[in-house]
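Overview (structure and organization)
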Amino acid sequence: TDRTPTLDWSDASALELPFTRYELQLTKVASFAGAALIPTGTTSEYTPATNLATGTWYWRVRGVWTNGATTAVGPWSAARRWPAPMVAIAFHRKF
């Protein structure tokens, strides 16, 4: 089983401020407490190099803009889960 999801946030590149790089957090802790920053450069997606451990993972991303000595850090995106939660679909039988 492939446990190396491609996390994609390409919609973030449509913002007015052109980010010069992105920072990602990927963790098994929903609060992101102690989560390390994963720099992804200008790429708006990330695929782990090795399989993730089983269980639920949480991830979020933010853009960073740098121009010379000036740096602005954008807010974190909404947290996302992997694997994505299953959505219950109701089926109604007619008799």
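Above: the structure in question.
Treat the numbers as computed from the prediction; the structure is a model and nothing was measured.

Topic: the packing of aromatic side chains
According to the stated counting rule, one finds two aromatic pairs in the structure shown. Ring plane angle 65 degrees and centroid distance 5.7 Å describe the contact between Trp 9 and Tyr 22, whose orientation is recorded as edge-to-face. Pair noted here: Trp 9 is in the loop between strand S1 (7-8) and strand S2 (21-27) and Tyr 22 is in strand S2, with a separation of 13 residues, a long-range link. You can call Trp 9 buried: its relative accessible area is 4%. Its relative accessible area of 5% is what places Tyr 22 among the buried residues. Between Trp 9 and Trp 59, the aromatic rings sit 6.2 Å apart at their centres with planes inclined by 50 degrees, giving tilted as the arrangement. Residue Trp 9 is found in the loop between S1 and S2, and its partner Trp 59 is found in strand S5 (residues 57-67); the two are separated by 50 residues along the sequence.

Observations concerning unusual backbone geometry
A cis geometry characterises the amide bond from Trp 82 onward to Pro 83, with omega recorded as -5 degrees. Position of Pro 83 among the secondary structure elements: in the segment after strand S7 (80-82).

Concerning the pattern of salt bridges
Counted according to the given criterion, the structure contains two salt bridges. Taking the shortest distance from any N to any O, the salt bridge between Arg 21 and Glu 23 comes out at 3.0 Å. Among the residues examined, Glu 23 registers a relative accessible area of 10% and is labelled buried. A salt bridge links Arg 62 to Glu 23; the shortest N-O distance between them is 2.8 Å. Placement of the pair is Arg 62 in strand S5 and Glu 23 in strand S2, with a sequence separation of 39 residues. Members of the salt-bridge network, linked through shared partners, are Arg 21, Glu 23 and Arg 62.

Quick notes on the side chain of Thr 4
Assignment of secondary structure puts Thr 4 in the segment before S1. Residue classification places Thr 4 among the buried residues on the basis of a relative accessible area of 18%. Residues contacting Thr 4, with those up to four places away along its chain left out, are Thr 47, Pro 48, Thr 50 and Asn 51.

Reading the values: the criteria
- Residues numbered from 1 in each chain as written.
- Predicted model: local features only at pLDDT ≥ 70, side-chain atom pairs only at ≥ 80, totals over all residues.
- Heavy atoms only, no water.
- Phe/Tyr/Trp six-rings, centres within 6.5 Å; stacked < 30°, edge-to-face > 60°.
- Helix = DSSP H or I, 4+ residues; strand = E, 2+ residues; numbered from the N terminus.
- Buried < 20%, exposed > 50% of the residue type's maximum accessible area, 1.4 Å probe, protein only.
- Salt bridge = Lys/Arg side-chain N within 4 Å of Asp/Glu carboxyl O.
- Contact = heavy atoms within 4.5 Å.

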